[in-house]
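One-letter residues, chain by chain:
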Amino acid sequence: MCLTLPAKVISSDGYRADILASGKKQKVKIGLSEKIQAGDWVLFTGDYLIKKITECEAQEIFNLLGSYKKAKPENLSPDLRNILESASQRDLKKEEIEYLLSLENESDLEAIYSEANIIRKASIKDHICVHGIIEFSNHCRNNCAYCGLRCDNRIVRYRMATEEIVESALQAVNEKGYKILVLQSGEDEYYTEERLIEIIKKIKEKCRAFIYLSIGERPRSVYENLKKTGANGVLYRFETSNPKIYKQLHENDSLSDRLENLKIMKKLGYVISTGMMVGLPGQTVSDLADDIIMMRELGTFMPSFGPFIPTLGTPLADEKNTGAEMILKIIATTRLAMPKARIPVTTAMETIGGEAFRQKAFMAGANSVMFNLTPDKYRENYSIYANKFFDREKRYEKWALFKGELSYQMLENELQIKI
Ligand code: 5AD
Ligand code: SF4
């Protein structure tokens, strides 16, 4: 679930070891079958040693957790200094958020990235949380103007059978050690309440996992029953806080309805993941500041945002692409505005910025990743946008995922719920 940290073993008696981590000596318990000796590199979390790694792997993780240079206060403008000093003490105001999003000067940007990184470390430490996403159907009854899955778009459609979905989930959790799954689809009524209940029940019976649903709009009673069955969270973006832009993108739907749905889900006890697309036609920096405030006001546990990517076959195919720099600014500003949030590097971010973007994003305040676990034969067809990034190597799987009670305890403590 969470990124374990590298350390060098100083000594070991087979049961306990003294390790050197971030320059500090500490004692950890060893629960491994393999032998540990002085000079080995290992991963640990809390006071447990998790596994042995190579020096090269340790270096990769250190690189991942690097940081931008902290700016000298005397080099910052008084306004920026004041905002950065306030961020960990009070909610940032709209003007302040807008100010941060408007910064362009290289040294100002580095200053907000490094401050966001410091706040991340102070409020949630170095944990990087890994989510596995299973896209189980690309059928959709909606016609969102930006999306390649919109019902008017002629693409190859697929639906995964209940057993296939359950099998993919069990493999992720029981074999690889995933603890958090996102079950995502277009708005597909083929998956009735009964079918969804069956899927969740079967997954929950055979493994212990936190399940986010990302299935769009359903009646309150359906969400209520899915929650009772074992669903834990919803990933449901409001897409934009600007009602006019929202209306242009969704012909039969209004922003107020979507926000009402999110409030109902929150009341039902779901952990909320929501957010916006960045770079939508007509969207301004003021809108983006409102988006961040909206995520905060909705009590979002996991802000979910990413760049809008113009997609062939949609009415917005010829619109402009979004730059990676704006996304980094939003990550850092969101971290400053919501210090404890779990901020994922989303697939759309990696699609515009490549894998290298991930490390930049972590260093600017992000702290989680989403890995695509959709079976190969379907994945290509979940074409929300073109050239979707896919990480074949999933290097973080082996660092961040470990099995056992301890990893559940960490997750339950963070979420304050039992899984
Ligand atoms: N570019 C980026 N993100 C998109 N989404 C849909 N279409 C696009 C696109 N063209 C996002 C929406 C939706 C999520 C499932 O995918 O934010 O909520
Ligand atoms: Fe359907 Fe979601 Fe795409 Fe809209 S964004 S068309 S609801 S899959």
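None of these values were measured; they are calculated from a predicted model. Numbers given for residues are sequential positions, taken from 1 along each chain in its written order. Chains carry letters from A onward and ligands carry numbers from 1 onward, assigned in written order. Under the rules for a predicted model, residues below a pLDDT of 70 receive no local features and side-chain atom pairs below 80 are neither given nor counted, while totals for whole chains, interfaces and linings still include all residues. Side-chain numbers here rest on the full set of heavy atoms in the structure, without hydrogens or water.

**Observations regarding the site of ligand 2**
Any residue with a heavy atom positioned within 4 Å of a molecule or strand is treated as near that molecule or strand. The environment of ligand 2 is formed by Cys140, Asn142, Cys144, Tyr146, Cys147, Arg150 and Gly186. Its residues placed into classes, the shell around ligand 2 shows four nonpolar, two polar and one charged. Under the grouping applied here, Gly and all other residues not named as nonpolar or charged are polar, the nonpolar ones being Ala, Val, Leu, Ile, Met, Phe, Trp, Tyr, Cys and Pro and the charged ones Asp, Glu, Lys and Arg.

**Examining the site of ligand 1**
Around ligand 1, the structure places Tyr146, Cys147, Gln184, Arg237, Glu239, Met277, Pro307, Phe308, Ile309, Thr311, Ile384 and Tyr385. Between N or O atoms, a polar contact is any pair within 3.5 Å; within protein, one atom must be a potential hydrogen donor and the other a potential acceptor, and residues adjacent in sequence are included only when both atoms are from side chains. Interatomic distance of 3.3 Å between a side-chain N/O atom of threonine 311 and a nitrogen atom of ligand 1. For ligand 1, whose free accessible area comes to 410 Å², the fraction covered by protein is 86%. Tallied by class, the residues present in the shell around ligand 1 amount to eight nonpolar, two polar and two charged. Note on areas: Shrake-Rupley, 1.4 Å probe, and residue coverage restricted to the protein chains presented here.

**Notes on the nonpolar core**
Counting residues in hydrophobic clusters, the biggest one holds 116 residues, and the most contacted among them are Ile112, Leu213, Tyr270 and Ile331. Looking at which element gives the most residues to this core, the answer is helix H11 (residues 324–337), with eight residues. We call two residues contacting when some pair of their heavy atoms lies within 4.5 Å. Dropping the residues within four chain positions of it, tyrosine 270 is found in contact with Leu213, Tyr223, Leu226, Lys227, Ala231, Asn232, Gly233, Val234 and Met265. In terms of nonpolar packing, the next biggest core, distinct from the first, is built from 13 residues, Ile180, Phe301, Met302 and Leu411 among them. Remark: nonpolar core denotes a set of buried residues (Ala, Val, Leu, Ile, Met, Phe, Trp, Tyr, Cys) joined through side-chain atoms within 4.5 Å. The classification of residues rests on relative accessible area computed with a 1.4 Å probe and restricted to protein chains. Under 20% of the type maximum is buried, over 50% is exposed, and intermediate values are partly exposed. Numbering of helices and strands starts at the N terminus; helices are DSSP runs of H or I of at least 4 residues and strands are runs of E of at least 2.

**Details of the packing of helix H2 (residues 78–86) against helix H3 (residues 94–102)**
Geometrically, a packed helix pair is captured by the angle between its two axes and the distance between the axes. Axis definition: a line fitted to C-alpha atoms, over the contacting stretch in the case of helices. Angles run 0 to 180 degrees between N-to-C directions. Close contact between H2 and H3 brings their axes to 11 Å; oriented N to C, the two are set at 115 degrees. The handedness of the crossing between H2 and H3 is left-handed. Touching Asp79, Leu80 and Ile83 of H2 are Glu96, Tyr99 and Leu100, all from H3. In terms of residue class, the contact of H2 with H3 is built from four nonpolar, no polar and two charged. The hand of a helix crossing depends on one turn: near helix anticlockwise from the far one by less than a right angle means left-handed, and clockwise means right-handed.

**Quick notes on the pairing of strand S5 (residues 48–53)**
Here, a strand pair is defined by DSSP locating no fewer than two bridges between the strands. Taken together, the two bridges between strand S3 (residues 24–30) and S5 define a ladder with parallel strand orientation. From the neighbouring strand, isoleucine 30 faces S5, where its bridge partner is leucine 49. Bridge count for strand S4 (residues 41–45) against S5 is five bridges, and the pairing is antiparallel. Residue pairing for S5: valine 42 is matched across the bridge by lysine 52.

**Digging into the environment of methionine 363**
Within the secondary structure, methionine 363 sits in helix H13 (residues 356–363). For the pair methionine 363 and asparagine 105, spaced 258 residues apart in the sequence, the C-alpha separation amounts to 18 Å. In this structure, methionine 363 is in contact with Asn63, Leu64, Gly66, Ser67, Tyr68, Tyr113 and Asn117, ignoring residues within four places of it in sequence.

**Examining the domain arrangement of the chain**
What fixes the domain bounds is an automatic or database domain assignment. For the chain, the assigned domains are domain 1 (2–64), domain 2 (73–118) and domain 3 (124–388). Here domain 1 and domain 3 have C-alpha centroids that lie 35 Å from each other. The interface is formed by six residues belonging to domain 1 together with seven residues belonging to domain 3. In the sections that follow, a salt bridge refers to a side-chain nitrogen of Lys or Arg positioned within 4 Å of a carboxyl oxygen of Asp or Glu. Remark: the boundary between domain 1 and domain 3 carries zero salt bridges. Within the side of domain 1 that touches domain 3, the residues separate by chemical class into four nonpolar, two polar and no charged.

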